Number of protein chains: 2
Amino acid sequence: MEKKSAAKSFGGTQGVYSHSSSVLSCDMKFAVYTPPQEKHGKGPFPVLYWLSGLTCTEENFITKAGAQRVAAELGLVIVAPDTSPRGEGVPDDPEGAYDFGLGAGFYLNATQEPWSKHYRMYDYIAKELPALIEKEFPVDAARSGILGHSMGGHGAITIHLKNQDKFKTCSAFSPIVAPSQVPWGKKAFSNYLGSDEAKWAEYDATALVTKHQSKTDILIDQGTADNFLAEQLKPEIFANAASAAGQAYTLRMQEGYDHSYYFIATFIEDHLRWHAERL
Amino acid sequence: MEKKSAAKSFGGTQGVYSHSSSVLSCDMKFAVYTPPQEKHGKGPFPVLYWLSGLTCTEENFITKAGAQRVAAELGLVIVAPDTSPRGEGVPDDPEGAYDFGLGAGFYLNATQEPWSKHYRMYDYIAKELPALIEKEFPVDAARSGILGHSMGGHGAITIHLKNQDKFKTCSAFSPIVAPSQVPWGKKAFSNYLGSDEAKWAEYDATALVTKHQSKTDILIDQGTADNFLAEQLKPEIFANAASAAGQAYTLRMQEGYDHSYYFIATFIEDHLRWHAERL
């Protein structure tokens, strides 16, 4: 692991690091915020993994969400990985589309050529990255949570439901909750996973929640002025499935908010406190 | 004036607007945050003008500083203009340097060709933009303040000292306080204003404070780990001149902080409260 940059932020440290990922067969960058208490020999700290949405890198969340203020207060470590494998030899959408390939790994393990060699973000987030974080940073692995935005909200809910012993708490902003049923997900899943839709179910939050309910409640915030709400996000599909399955959840429709980081910044404090209370 | 975008943020609205500037002879964009109280018919509100540093546009502050949270609480309007004239016909540094020309207007009225036609950011910030804001937004012009970062800290202090009836309060992050004595300022002033250094003094905070003390105290935050501290910023030059002239100021050397928005985000709350108390 190599430190690429570090800046003091609310008394703690906002760092960006790189490492060679054996799961993804490429070098990867990720961001880690460590709270000020670390400098006073305290810790280990609860750790939250933030999964970003389409087109993002490890930078978007740490520069725009304003999470460091509350993480400093609560004594939380926050890890923000990149959203896909990167670098020479990693294939991209042939037309450079924003919603597939680079910046759009969809937090799954691809099975189809040419994607299956590098596009294994599921294993990267669920296994390889936490192992590295737990080795290199003062985190208490038993108090890990996961959250994310849009494509990253999809990642957070699916990875939580399948790894509840690892990621004990889960929340999401504007998540893609039913990728098998919406254009973004259909495009990504058919390319990464092939045409057999039965294989898609293991990465579909709505399909998963009927089989694996979480022991904890899941918090979802969704803006009502989000341009992607009606076509791509459709939180009611997940809400209906969760209610039918007996999954506890809170879906907050936030009046007038859009899909941007202005929305995330407004409610990130609520999410961090919600995780901290449960961890 | 045309609205380019608007997003709900902490209950208020973060907008970006454009207009045709007669002072700068080009179209200009600027950002305005209006607090949630505006939607309930309250106001007019105190207004703060934020001046950004080298390379920035109207976007940097509104996406990275996290100021909307506190502006919403305090009921403040915050205006964030661009840092130079823009567009076709506006000359740039011949080599595209980051520290002169586009993105580097230095908040002065250029007197030298080819800069003097468009590079008139002093008149734009001190006169044209506030007149537009006061016409279009629910602000109380009698409660206006100004603050900024780096080149924008230079702009804030100099414009405040020369326009105290207009901008009643002033603060700065990592300001260029003595441009006539440092490389960034010498390059900009010699090109924009010519070689007669006597003309530079009217845009040099250290020179100005010996002549025009402010009726209020000036707050300056400076990180000790700022890469530009020793060569370009040198806050002690201003502090010494201010002390000698009887100008009240608070210079806080913030241990371990750098020149980035992580530093600004950490202390922006202090600055907004400081202005709000005085307005």
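Since we're looking at a predicted model, the values are computed, not measured.

1. Description of the overall build of chain A
1) Next: The secondary structure content of chain A amounts to ten helices and nine strands.
2) Next: Over its C-alpha trace chain A gives a radius of gyration of 17 Å, about what one expects of a compact globule, namely 19 Å for 279 residues.
3) Next: Taken along the three principal axes of its C-alpha coordinates, chain A extends 55 × 40 × 35 Å.
4) Next: Looking at chain A as a whole, 62% of its 279 residues qualify as buried.
5) Next: Looking at chain A alone, contacts between residues at least 24 apart form 73% of all its contacts between residues at least 6 apart.
6) Next: Surface exposure of chain A reaches about 10100 Å², of which carbon and sulfur atoms provide 48%.
7) Next: Looking at chain A, you have 26 positive and 33 negative side-chain charges, and the mean spots of the two groups are 6 Å apart.

2. Description of the interface of chain A and chain B
Often, the extent of an interface is quoted as the loss of accessible area on bringing the components together.
1) Next: Facing 22 residues of chain A, the contacting portion of chain B comprises 22 residues.
2) Next: Regarding the contact of chain A and chain B, the summed buried area is about 1700 Å², with carbon and sulfur atoms giving 55% of it.
3) Next: Together, Lys8(A), Phe10(A) and Tyr262(A) form the three largest contributors to the area buried by chain A at its contact with chain B, with a combined 41%.
4) Next: At the surface where chain A touches chain B, the tally comes to zero salt bridges.
5) Next: Across the chain A-chain B interface, the total number found is six residue pairs in polar contact (both at pLDDT 80 or more).
6) Next: Secondary structure elements with two or more residues in the side of chain A that touches chain B: strand S1 (2-9), helix H1 (59-64), helix H2 (68-74) and helix H10 (261-278) of chain A.
7) Next: Along the lines of polarity and charge, the residues of the side of chain A that touches chain B split into eight nonpolar, eight polar and six charged.

3. Regarding the confidence of the model for chain A
1) Next: On average, residues of chain A score 97 in pLDDT, and 100% of them reach the 70 mark or higher.
2) Next: Overall fold confidence (pTM) sits at 0.96, and the ipTM for the predicted complex is 0.95.

4. Examining the sheet that holds strand S5 (residues 77-81) of chain A
All names here are of chain A.
1) Next: Taken together, nine strands build an open sheet; the order of strands is S1-S2-S3-S5-S4-S6-S7-S8-S9 and the sheet is mixed. Bordering the open sheet on either side are S1 and strand S9 (249-254), each of which pairs with just one other strand. Between one strand and the next, the sheet's axes are offset by a mean angle of 20°, whatever the strand orientation.
2) Next: As paired elements, S1 and strand S2 (residues 12-21) share seven bridges and run antiparallel to each other. Following the sheet pairing, Glu-2 is matched in S2 by Ser-18.
3) Next: Most of the contacts of helix H4 (residues 151-162) go to strand S6 (residues 139-149), to which it runs at about 140°, and overall it touches strand S4 (45-51), S6, strand S7 (169-173) and strand S8 (218-223).

5. With respect to the packing of aromatic side chains
All names here are of chain A.
1) Next: Overall, the coordinates contain 38 aromatic pairs over all chains when judged by the stated rule.
2) Next: Considering the side-chain rings of Trp-50 and Phe-61, the 4.3 Å spacing of their centres and the 20° angle between planes classify their relative orientation as stacked. In this pair, Trp-50 is assigned in strand S4 and Phe-61 in helix H1, connecting sequence segments eleven residues apart.
3) Next: Through a chain of ring-to-ring contacts, three or more aromatic side chains come together here, namely Trp-50, Phe-61, Phe-173, Tyr-257, Phe-263 and Phe-267.
4) Next: For the cation-ring pair, Lys-162 lies above Tyr-122, with the distance from its terminal atom to the ring centre recorded as 4.5 Å.

6. Thoughts on the pairing of S2(A)
For a regular strand, the rule is simple: side chains alternate between the two faces of the sheet.
All names here are of chain A.
1) Next: Across the ten residues of S2, nine count as buried, placing the element largely inside the fold.
2) Next: As judged from the nine bridges shared by S2 and strand S3 (residues 26-34), these two strands associate in the antiparallel manner. From the neighbouring strand, Val-16 faces S3, where its bridge partner is Ala-31.
3) Next: Here S2 folds back onto S3, and the loop between the two strands holds four residues, one of which, Ser-25, carries a positive phi near 55°.

7. Brief notes about the relation of the copies chain A and chain B
1) Next: Rotating chain A by 180° and translating it 0.0 Å along the rotation axis places it on chain B, where the RMSD comes to 0.0 Å. Both copies of the chain, as the preceding transformation shows, are related through a two-fold rotation axis. Among all residues of chain A, the one whose C-alpha sits closest to the rotation axis is Lys64(A), at a distance of 2.5 Å.

8. Some remarks on helix H5 (residues 183-193) of chain B
All names here are of chain B.
1) Next: Among all positions of H5, only Trp-184, Gly-185, Ala-188, Phe-189, Tyr-192 and Leu-193 are buried. The arc enclosing the buried residues of H5, seen along the axis, measures out at 105°, which places them on a common side.
2) Next: Of the surrounding elements, those touching the buried residues of H5 are helix H4 (151-162), helix H6 (197-200) and helix H8 (229-233).
3) Next: Note on H5: the residue one or two positions beyond its end, Gly-194, has a positive phi of about 90°.

9. Topic: unusual backbone geometry
1) Next: With an omega of -5°, the peptide bond running from Glu113(A) to Pro114(A) counts as cis.
2) Next: Note on placement: Pro114(A) falls in the loop between S5 and helix H3 (121-136).
3) Next: For Phe106(B), which is not a glycine, the phi torsion comes out positive at approximately 55°.
4) Next: Locating Phe106(B) in the fold gives a position in the loop between strand S5 (77-81) and helix H3 (121-136).

10. Section: the sheet that holds S5(B)
1) Next: Across the sheet, which stays open at both edges, the nine strands sit in the order S1-S2-S3-S5-S4-S6-S7-S8-S9 (chain B) with mixed pairing between neighbours. Because the sheet does not close on itself, it has two edges, and the strands there are strand S1 (2-9) and strand S9 (249-254) of chain B. Between one strand and the next, the sheet's axes are offset by a mean angle of 20°, whatever the strand orientation.
2) Next: With three bridges connecting them, strand S7 (residues 169-173) of chain B and strand S8 (residues 218-223) of chain B associate as parallel partners. Bridged to Ser171(B) within S8(B) is Leu219(B).
3) Next: Contacts from H10(A) reach S1 and strand S2 (12-21) of chain B, with the element oriented near 25° to S1(B).
4) Next: On the sheet, H3(B) packs against S2, strand S3 (26-34), strand S4 (45-51), S5 and strand S6 (139-149) of chain B and is oriented at approximately 55° with respect to S3(B).

What counts as what
- Residues numbered from 1 in each chain as written.
- Chains lettered and ligands numbered in written order.
- Predicted model: local features only at pLDDT ≥ 70, side-chain atom pairs only at ≥ 80, totals over all residues.
- Heavy atoms only, no water.
- Helix = DSSP H or I, 4+ residues; strand = E, 2+ residues; numbered from the N terminus.
- Rg over C-alpha atoms; globule rule 2.2 N^0.38 Å.
- Buried < 20%, exposed > 50% of the residue type's maximum accessible area, 1.4 Å probe, protein only.
- Contact = heavy atoms within 4.5 Å.
- Areas by Shrake-Rupley, 256 points an atom, 1.4 Å probe, with all protein chains shown as cover.
- Lys, Arg positive; Asp, Glu negative; His and termini not counted.
- Charge placed at Lys NZ, Arg CZ, Asp CG, Glu CD.
- Buried area = accessible area lost by both parts, 1.4 Å probe.
- Salt bridge = Lys/Arg side-chain N within 4 Å of Asp/Glu carboxyl O.
- Polar contact = N/O pair within 3.5 Å; in protein donor to acceptor, adjacent residues only side chain to side chain.
- Nonpolar A, V, L, I, M, F, W, Y, C, P; charged D, E, K, R; others polar.
- pLDDT = per-residue confidence, 0-100.
- Pairing = 2+ DSSP bridges.
- Axes fitted to C-alpha atoms, helices over the stretch in contact; angles between N-to-C directions.
- Phe/Tyr/Trp six-rings, centres within 6.5 Å; stacked < 30°, edge-to-face > 60°.
- Lys NZ or Arg CZ within 6 Å of the ring centre and 35° of its normal.
- Least-squares fit on C-alpha atoms with pLDDT ≥ 70 in both.
- Arc of directions from axis to C-beta.

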